[in-house]
Every structure is written in structure tokens, then in C-alpha cells.
Amino acid sequence: CVWEIQVENNFRVTLTFRDIVMQSGTCQHDYIEVYDGPLHSSPLLGRFCSGSFPTYVSSSNMMSVRFHSDSRFSFRGFQAHYSSIPAGHNTTIQCLPDYMHVVVSRNYLQSQGYSARRVTLNDNHCRPTVTSQEVVFNIPYNGCGTTQEENNDTINYANTIRVASSGYIIKRKKNINLHVSCKMLRKSWQQVVYAAEDAVDVDEYQFGRYNMNITFYESPAFRRQVRASPYYIGLNQNLYLQACLHSPDPNLKVVVDTCVAAPDPRDFNTLAYYLVRNGCPRDSSYATYSSPSSHFARFKFNAFEFMSRHPSVYLKCQMLVCRLGDFSSRCYRGCSSRPKRDTSPAEEQVDVVVGPLQLRGKDAPSESTG
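Reading the values: rules and limits
- Residues numbered from 1 in each chain as written.
- Predicted model: local features only at pLDDT ≥ 70, side-chain atom pairs only at ≥ 80, totals over all residues.
- Heavy atoms only, no water.
- Disulfide = S-S within 2.5 Å.
- Helix = DSSP H or I, 4+ residues; strand = E, 2+ residues; numbered from the N terminus.
- Buried < 20%, exposed > 50% of the residue type's maximum accessible area, 1.4 Å probe, protein only.
- Pairing = 2+ DSSP bridges.
- Axes fitted to C-alpha atoms, helices over the stretch in contact; angles between N-to-C directions.

**Student:** Account for the state of the cysteines, naming residues and giving values.
**Tutor:** Under the criterion given, the structure shown has five disulfides. Covalent S-S linkage joins cysteine 126 and cysteine 144, the inter-sulfur distance amounting to 2.0 Å. Across the disulfide from cysteine 126 to cysteine 144, rotation about the S-S bond amounts to roughly -90 degrees, and the bridge is consequently left-handed. Linking cysteine 126 in the loop between strand S10 (119-120) and strand S11 (129-130) with cysteine 144 in the loop between strand S12 (134-140) and strand S13 (147-150), this pair joins segments that are 18 residues apart in sequence. With relative accessibility at 17%, the residue cysteine 126 sits in the buried group. Cysteine 259 shares a disulfide with cysteine 317; S-S distance 1.9 Å. Taking the torsion about the S-S bond as the criterion, the cysteine 259 to cysteine 317 disulfide, at about 110 degrees, is right-handed. Of the two residues, cysteine 259 sits in strand S21 (residues 252-262) while cysteine 317 sits in strand S26 (residues 312-323), which places them 58 residues apart along the sequence. Grouping residues by exposure puts cysteine 259 and cysteine 317 together as buried.

**Student:** Help me get a handle on the pairing of strand S3 (residues 31-35), residues and values and all.
**Tutor:** Most of S3 sits inside the fold, with five of its five residues counted as buried. Of the two faces of S3, the one carrying Tyr31, Glu33 and Tyr35 and the one carrying Ile32 and Val34 are both buried. With five bridges joining them, S3 and strand S6 (residues 62-68) adopt antiparallel strand pairing. Its bridge partner lying in S6, glutamate 33 is registered against arginine 66. Sheet topology note: the S3/strand S4 (residues 44-48) ladder contains four bridges and is antiparallel. The residue of S4 that forms the bridge with tyrosine 35 is leucine 44.

**Student:** Describe unusual backbone geometry, listing the residues and the values that go with them.
**Tutor:** Of note in this structure, cysteine 144 is not a glycine but carries a positive phi near 60 degrees. By relative accessible area, which is 15% here, cysteine 144 ends up buried. In the Ramachandran plot, asparagine 278 falls in the positive-phi region, its phi being about 50 degrees despite a non-glycine side chain. Tracing the chain through its elements places asparagine 278 in the loop between strand S22 (273-277) and strand S23 (280-281). We classify asparagine 278 as buried; its relative accessible area is 17%.

**Student:** Explain the sheet that holds strand S9 (residues 99-105) residue by residue, including any values.
**Tutor:** Taken in spatial order, the four strands line up as S8-S9-S12-S11 in an open sheet, and their pairing is antiparallel. The open sheet has two free edges, formed respectively by strand S8 (91-95) and S11, since each of these has just one partner strand. Relative to S12, S11 runs antiparallel, the two sharing two bridges. Residue pairing across strands places threonine 129 opposite valine 136, the latter belonging to S12.

**Student:** Provide a residue-level description of the sheet that holds strand S18 (residues 212-217), including the pertinent values.
**Tutor:** Strand pairing in a sheet relies on backbone hydrogen bonds, with the paired strands running either antiparallel or parallel. The strand order across the open sheet built from four strands is S18-S20-S25-S24, with neighbouring strands paired in antiparallel fashion. Because the sheet does not close on itself, it has two edges, and the strands there are S18 and strand S24 (287-289). Strand-to-strand twist across the sheet, computed as the mean angle between neighbouring axes with direction ignored, equals 25 degrees. In the sheet, S24 pairs with strand S25 (residues 296-302) via three bridges, with the strands oriented antiparallel. Residue pairing across strands places alanine 287 opposite lysine 300, the latter belonging to S25.

And the structure:
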């Protein structure tokens, strides 16, 4: 089991364990792991199965807890409590869908002997909004000198806020370079702030999510959206769907990786029907369509017999976001039986739940007594 704990931007997670009773020893069979952010891309803070009750504090607004058991013996398990605490920095950053929102405290600048009027970006034409308390930058991902770089497992959008010291001939203080960046990791946006060439270092991480939605359409022309909810359909009716990634970065591609149907929007395991899994169609009626943009993924399936036994059906689809032209990524490999973790660099997985679908009129299941 994995729990992802996410609190507000510029807050941190405090996690305290209050009870631990499980198969102990060398912690090979049963154990708890705590990660400083998303599970697959963050440092391990601790791994344990017994002993004293530890407390962990994240360096960002996200923490993950993983519990592993071999199901050999039954114990009480564990209990933990979390809360959020302010990060306490003088600079905050938010990775919004279209831009980086960075706020620098004027009190902080003045305490270090700097003026708010001398705060600029790489591109001098992009000016901040200066209030009585703050210097506010809205930095676009495609403009104002923002650079893009692909690393091992991130897509990095970076810029530099420069704070110049006063004086032209003799400078008593160094300039401050405040490096800000939004990094796309698997399953998250990671935000980073750090200061260079100054005695006070700022190191801040925040996490968010991609903005993605799935919409039904009336026909394979994909011109008219279905806006009714629930969506009443007939058996053997073809359903047309479009997934849309809302991002200003044109160099991203989205594909459908997995779609599963279930009668309970909270449980896609007990009663589940896979339309496509790891890019491999499981239903004969499932098909994809070409899209006008790499930010769209279009597909269809038939209202299957599964619906004749349940009044409502929900879909949960896992979408993959990759770099456009990265032919080593899952977005270009199609059907794959490899494990989900075995993905190429610079990929993001996003889950979207859509529904309910309900049969209309005579096709709807009837209740029976007995």
C-alpha cells in the first residue's frame, strides 16, 4: 500500500508514528518506508518495522509512505498521524499550469540591504509587480528567458531572478542570483528555489499535478461534446472520448496507457473490466484516432455487456505524458508488457476518473428479489 500525503504549497509535512506492531527482525517481510516526496523519484527518509516511534519532516509539501507485507502472519500493523507546518522561507514558488508564480518578501530584501527596484529576470522586459510587502513574478514557461532542459527523469523549466547591489564603482555586497525552476517528474511537478552567491541559501521544493481531463463526444468527428452527467447510453453504442492535456509546453505528447471500467468510482479492483492495459487493447472494440495536437488523445470503445449488470459504470484512465519526439518513451512504444516503473526518462503518469455511464430506457438492468 502507498499513501501520498500532499499539503498546501510552501508548507511541509510532519509525520509521527504512534503504534507499530508487525513481523520484525531484519524487516525483510514486513516494513514501512517513508519517502521525501513521490515514491519513485525521492530520497528514502527511513525504513523500519519495529522499535521507537519515529517522526519525519519533509523538505517539500509532499511525502509518501509505503507499507509492504508478505501476508504470512497477521499483526495489528501501524498507526501514524500527519500535520502541515509552514516552510518558513522568505521566497515562495508555485508551479501553475501556465507560469511560475514567485513571491519574494520585501522585508527580506531590505534586511539584507537590497532594494525591490533592483530585482529583475534574465529578460529585463519582464517586470515584476511590486507591492508594499512583496515582489511578485509571473514567469511564463515559454518566454521571459525561461530555459527548457531534459534531464534523467525531469523536464526542467528554469529562470533566474537577479537582485543587484547598489553602487556602480565600489560594491560592498554581492549580487543575488535566485534560481527558480519547475521540474516535471513522474507523477508530479517539482518546484525548486535556491539562492547563489549569498550567505543565505534558500532551498524549496513543492509538488503539484498535471492538469488533464477526459470528455465524451457524440461522434468520431469529435465536434460536439457530451455535457450531460450521467451520460445515458444504449448497449452496443460506440462511445468516443478525448483526453486533453492543459499545458503551455508544445513539446509534450499524451497517450492512453490504461483504461479500466468499474461500477464503483472508489474501487477499480474488485469488479473491473480493462479496455486497454499498458498500451495493449483488452477489448476488441477499443480503437484510437489521430488527433490534431499532441496534447490530445482520442479513442473509442463499445458499451459492453458489463453494463447490463450494473446501473452505473465509471472509467479510470491512466494517461502518459512524454517529450514530443522521444521515441524511447512509452508514448511511442505502443503495447508493452513491461512493469509500470520501467519507463523512460521524462515521463508523467496521470490518472483521470470519468463517469458515470448509465444505460437508458429498456436497456437498463432491472432489480430482482429472491
